[in-house]
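Fold and geometry: a report
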Amino acid sequence: DVKVTQSSRYLVKRTGEKVFLECVQDMDHENMFWYRQDPGLGLRLIYFSYDVKMKEKGDIPEGYSVSREKKERFSLILESASTNQTSMYLCASSSTRNNEQFFGPGTRLTVL
Amino acid sequence: TQLLEQSPQFLSIQEGENLTVYCNSSSVFSSLQWYRQEPGEGPVLLVTVVTGGEVKKLKRLTFQFGDARKDSSLHITAAQPGDTGLYLCAGIRTYKYIFGTGTRLKVLA
C-alpha cells in the first residue's frame, strides 16, 4: 500500500519559532510538493522538488524554505513562524511516469 | 491569482438527487484532475482527463473535459451519503498542479 507520511497531524508553535514539517514517501517518486490549504482558497503550492537537492518556488514561497537531501524525504521549514502561517499543510508526491499525486494526511499548524 | 474557479462552493442535497460541479478557467491545461478529500485526510485522485471533450465515468460519477481544455464538470447521479466530501479540480501545466477553490458537498440521508 503506497504511502505518504507527515511527521505530525497537529502542531502548535509560538510566533518567531523555527518550525520543521517532515514528509516521507515510500513510492520512489521523483517529484514532491508542499501545499497549504485554507478555506475558500483551495490548495496553494509553496515549493516543489523534482529531484534530490533540487527545488522550485511555487506560488507562495515567502516565509518558507525546503530541503530535499534524500529522494524519499522533503522537509518544509518556517524560519520564523508568524500567525498568518496558521494553516493545514499537505505534502504530496508523484512519479514522472504519470500525473497522479499522492497526498499525506496533512499537518494542522497553529501559530500563536 | 486563482486560475481555477469552482462552483458551487457549497452544496447540501438529499440522498438520491443529482448534482453537477463546475471547474472553470481562462487558461488551457494539458490535463485536468478531480480529487476528493475527506475530513482529516489528504485529497485522493478520482480521475484524470486529457483530451478536449473527453468524458470518463466512475460508477455514478461522470467527468467531462471541455473542448478547449479550459473547463471541466463533475456530475454525480443519485448521490449517496458516502459521496460527502470536498471535491477539488486541478489543472496541470508542466510539473505544476493548479488547484481549484473546492466544492464542499454534503449528502443527507
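These figures come from a predicted structure and were not determined experimentally.

Things to note about the interface of chain B and chain A
- Contact residues are listed per partner, giving 20 residues for chain B and 21 residues for chain A.
- Carbon and sulfur atoms supply 54% of the area that chain B and chain A bury against each other, a total of about 1600 Å² over both sides.
- Across the chain B-chain A interface, the total number found is one salt bridge.
- Lys96 of chain B serves as the salt-bridge partner of Asp59 of chain A, at 3.2 Å between the closest nitrogen and oxygen.
- Among the elements of the structure, strand 4 (31–37), strand 9 (85–93) and strand 10 (96–99) of chain B are those that each provide at least two residues to the side of chain B that touches chain A.
- The dominant element in the side of chain B that touches chain A, judged by the number of residues it contributes, is strand 4 of chain B, at four residues.
- Taken together, the residues of the side of chain B that touches chain A sort by class into nine nonpolar, nine polar and two charged.

Some words on the pairing of strand 3 (residues 19–25) of chain A
All names here are of chain A.
- Burial along strand 3 is one-sided: the face carrying Val19, Leu21, Cys23 and Gln25 is buried and the face carrying Phe20, Glu22 and Val24 is not.
- Summarising the sheet, strand 1 (residues 4–6) and strand 3 pair through three bridges and their orientation is antiparallel. Residue Thr5 lies in a different strand from strand 3, and its bridge partner there is Val24.
- Bridge count for strand 3 against strand 8 (residues 73–78) is six bridges, and the pairing is antiparallel. Of the residues in strand 8, the one forming a bridge with Leu21 is Leu76.

Digging into the nonpolar core
- Leu19, Leu32, Trp34, Phe63, Leu74, Ile76 and Leu105 of chain B are the most contacted members of the largest nonpolar core, which totals 22 residues.
- Elements with a minimum of two residues in this core: strand 3 (19–24), strand 4, strand 5 (44–49), strand 7 (61–65), strand 8 (71–76), strand 9 and strand 11 (103–108) of chain B.
- Residues within four places of Phe63 of chain B in sequence aside, it is in contact with Trp34, Leu46, Val47, Glu54, Val55, Lys56, Leu58, Ser73 and Leu74 of chain B.
- Counting residues in hydrophobic clusters, the runner-up holds 21 residues, among them Leu11, Tyr64, Leu78 and Val111 of chain A.

What to know about the sheet that holds strand 7 of chain B
All names here are of chain B.
- One open sheet holds the five strands; their spatial order is 1-3-8-7-6, and the pairing between them is antiparallel. Each of the sheet's edge strands pairs with one partner strand only, and the pair in question is strand 1 (5–7) and strand 6 (55–58). Averaged over all pairs of adjacent strands, the angle between their axes in this sheet comes to 15°, without regard to strand direction.
- Sheet topology note: the strand 1/strand 3 ladder contains three bridges and is antiparallel. Bridging across to strand 3, Glu5 finds its partner in Asn24.

Here is what the cut-offs are and how they apply
- Residues numbered from 1 in each chain as written.
- Chains lettered and ligands numbered in written order.
- Predicted model: local features only at pLDDT ≥ 70, side-chain atom pairs only at ≥ 80, totals over all residues.
- Heavy atoms only, no water.
- Contact = heavy atoms within 4.5 Å.
- Buried area = accessible area lost by both parts, 1.4 Å probe.
- Salt bridge = Lys/Arg side-chain N within 4 Å of Asp/Glu carboxyl O.
- Helix = DSSP H or I, 4+ residues; strand = E, 2+ residues; numbered from the N terminus.
- Nonpolar A, V, L, I, M, F, W, Y, C, P; charged D, E, K, R; others polar.
- Buried < 20%, exposed > 50% of the residue type's maximum accessible area, 1.4 Å probe, protein only.
- Pairing = 2+ DSSP bridges.
- Core = buried A, V, L, I, M, F, W, Y, C linked by side-chain atoms within 4.5 Å.
- Axes fitted to C-alpha atoms, helices over the stretch in contact; angles between N-to-C directions.

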